[in-house]
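Understanding the architecture of this molecule
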Number of protein chains: 2
Amino acid sequence: MNLFYQPAISEGSLFLDQEESRHCVRVLRKTSGDTIRVADGKGYFYEVVITKADQNKCLFEIQHQFQQEHRPYSIHVAISPTKNADRIEWFVEKCVEIGIDCITLMDCKNTERSFIKKDRLHKMAVSAMKQSLKASLPLINDVTPFPQVIGNAQEEMKFIAFVDQSNPDHLKDLVLPNRSYMVLIGPEGDFTKEELDIALRSDFKKVSLGSSRLRTETAGIAACHILNLIQS
Amino acid sequence: MNLFYQPAISEGSLFLDQEESRHCVRVLRKTSGDTIRVADGKGYFYEVVITKADQNKCLFEIQHQFQQEHRPYSIHVAISPTKNADRIEWFVEKCVEIGIDCITLMDCKNTERSFIKKDRLHKMAVSAMKQSLKASLPLINDVTPFPQVIGNAQEEMKFIAFVDQSNPDHLKDLVLPNRSYMVLIGPEGDFTKEELDIALRSDFKKVSLGSSRLRTETAGIAACHILNLIQS
């Protein structure tokens, strides 16, 4: 089953962009009268029938619209961009496959890169959304200073992944189902003591993700996966 | 903390290879008399003192040896190589970070690539082992035909990730702690009905990894992560 993407379908954009049209018409050989499925990235799927199989602009008519199953919880991961941009792009792809609602790139004291090409991340997210047959894209927030990330946090359960002498509880043992969650994942150099204190003062709970020392992007995926597992 | 790799240290190879020597001497500026930690990839760490800080062949003396903490369980993931080799290399890196004992590349009916550069996978595994401060490398088995993988399976709990109408139980709900586990992860085109039947006849249990449709390499990581989570 193939899924296509048209973010403006509900505003009447009843066509696929050039790249999607090429894939649909030239690669998959879809033709007029064929039914395909389109996602808007906002939680809706559309069954549509191709009316003009143009490989530059494939036109269609909507047959019906249906909503992606609602999840009674939400996951927000705020993560420090990695030195190697591929790693954060990979993190976005995997989290979208597994299930995530919001990603914030977080600029910490030890963050080694404070610029990320957001259009690349969006591309990764769209392709992962299509691959995993979902209809919604996560909100991806630009690089934001750590204190501001903390200040903006509205979630019901807030965690900071940080392992020190005090051996914090494992994330999986603190999560209650069906809540809104936020997890902070630090840079390779980890959060500073000051950053940890700021988070703790703002009701973030210190958690461990297990005994292994994980790379930043792996820790981000692990946190997202654990929060999804607790629910299912 | 930096970790270096010398697989033959117990056979008396008291030096780092050229690449490791460069990193140790030129990049990290280690010098004679400095103490560094070396892993042999077989479960042992060595505290060693540098005796000759040569950037082509850094010599050292062993101070003492200690064993990596033993895990009372073992994880074996047999996975179909992905069309894009990067994805399986990434799978190896992430599983080593999270914790895995054996990886078998499995040639299924729908497998799109039956050749994988094992030296590349070994390189990924070594760098991930060092990154996550572990002392052991997983055994990585070459591409093996599906029936042979099934025939060789010796683990106490054997699972095949396969989602169909019968909605199998989630892996996390079937795992008992402290066992030897094996999980089969199929290609993008999934296992064939015949392959599924062969596995079921050989006492593999059909399991789900959750409601999301995951790419092959993501499913492999998810399975490895779940098996580690059940223990901790």
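Just above sits the structure.
So, a few notes on the structure that sits alongside this text. (Residues numbered from 1 in each chain as written. Chains lettered and ligands numbered in written order. Predicted model: local features only at pLDDT ≥ 70, side-chain atom pairs only at ≥ 80, totals over all residues. Heavy atoms only, no water.)

**Regarding the interface of chain A and chain B**
Contacts between the two partners involve 27 residues from chain A and, on the opposite side, 27 residues from chain B. Carbon and sulfur atoms make up 45% of the area that chain A and chain B hide from each other, which totals about 2,400 Å². Among the residues of chain A in contact with chain B, Q131, R213 and R215 of chain A are the three that bury the most area, contributing 27% of the side total. Note that E97 of chain B and R215 of chain A form a salt bridge whose closest N and O atoms lie 3.7 Å from each other. Summed over the shared surface of chain A and chain B, the result is 19 residue pairs in polar contact (both at pLDDT 80 or more). (Contact = heavy atoms within 4.5 Å. Buried area = accessible area lost by both parts, 1.4 Å probe. Salt bridge = Lys/Arg side-chain N within 4 Å of Asp/Glu carboxyl O. Polar contact = N/O pair within 3.5 Å; in protein donor to acceptor, adjacent residues only side chain to side chain.)

**Observations regarding the relation of the copies chain A and chain B**
What relates the two chain copies is a rotation about an axis together with a slide along it. The two copies are related by a screw motion: chain A maps onto chain B through a turn of 180° and a shift of 0.0 Å along the axis, at an RMSD of 0.0 Å. Interpreted geometrically, this transformation is the action of a two-fold axis. When the interface residues of chain A are mapped onto chain B, 100% of them are again interface residues, pointing to one common binding face. (Least-squares fit on C-alpha atoms with pLDDT ≥ 70 in both.)

**What to know about the sheet that holds strand 6 (residues 102–107) of chain A**
Residues and elements named next belong to chain A. Judged by pairing direction, the sheet is parallel, and its six strands sit side by side in the order 7-6-5-9-8-10 without closing on themselves. Across the chains shown, the open sheet's two edge strands, defined by having one partner strand only, are strand 7 (139–145) and strand 10 (205–207). Recorded for the sheet is a direction-independent mean angle of 25° between the axes of neighbouring strands. The sheet strands contacting helix 6 (residues 193–201) are strand 8 (157–161), strand 9 (180–185) and strand 10, and the helix crosses strand 8 at an angle near 165°. (Pairing = 2+ DSSP bridges. Helix = DSSP H or I, 4+ residues; strand = E, 2+ residues; numbered from the N terminus. Axes fitted to C-alpha atoms, helices over the stretch in contact; angles between N-to-C directions.)

**A word on the packing of aromatic side chains**
All names here are of chain B. One pass over the structure, following the stated rule, counts five aromatic pairs over all chains. Consider the rings of F146 and F191, whose centres lie 5.7 Å apart with planes at 55°: the pair is tilted. Pair noted here: F146 is in helix 4 (residues 146–152) and F191 is in the loop between strand 9 (180–185) and helix 6 (193–201), with a separation of 45 residues, a long-range link. For the pair formed by F146 and F191, the shared burial category is buried. When the ring centre of F45 is taken as origin, the NZ or CZ atom of R37, which lies over that ring, is 5.6 Å away. (Phe/Tyr/Trp six-rings, centres within 6.5 Å; stacked < 30°, edge-to-face > 60°. Buried < 20%, exposed > 50% of the residue type's maximum accessible area, 1.4 Å probe, protein only. Lys NZ or Arg CZ within 6 Å of the ring centre and 35° of its normal.)

**Points about unusual backbone geometry**
Residues and elements named next belong to chain B. Here R29, not a glycine, exhibits a phi torsion of approximately 55°, which is positive. Tracing the chain through its elements places R29 in the loop between helix 1 (18–27) and strand 2 (35–39). You will see that D203, though not glycine, has its phi angle at about 65°, which is positive. On the secondary structure map, D203 appears in the loop between helix 6 and strand 10 (205–207). Judged by its relative accessible area of 60%, D203 is exposed.

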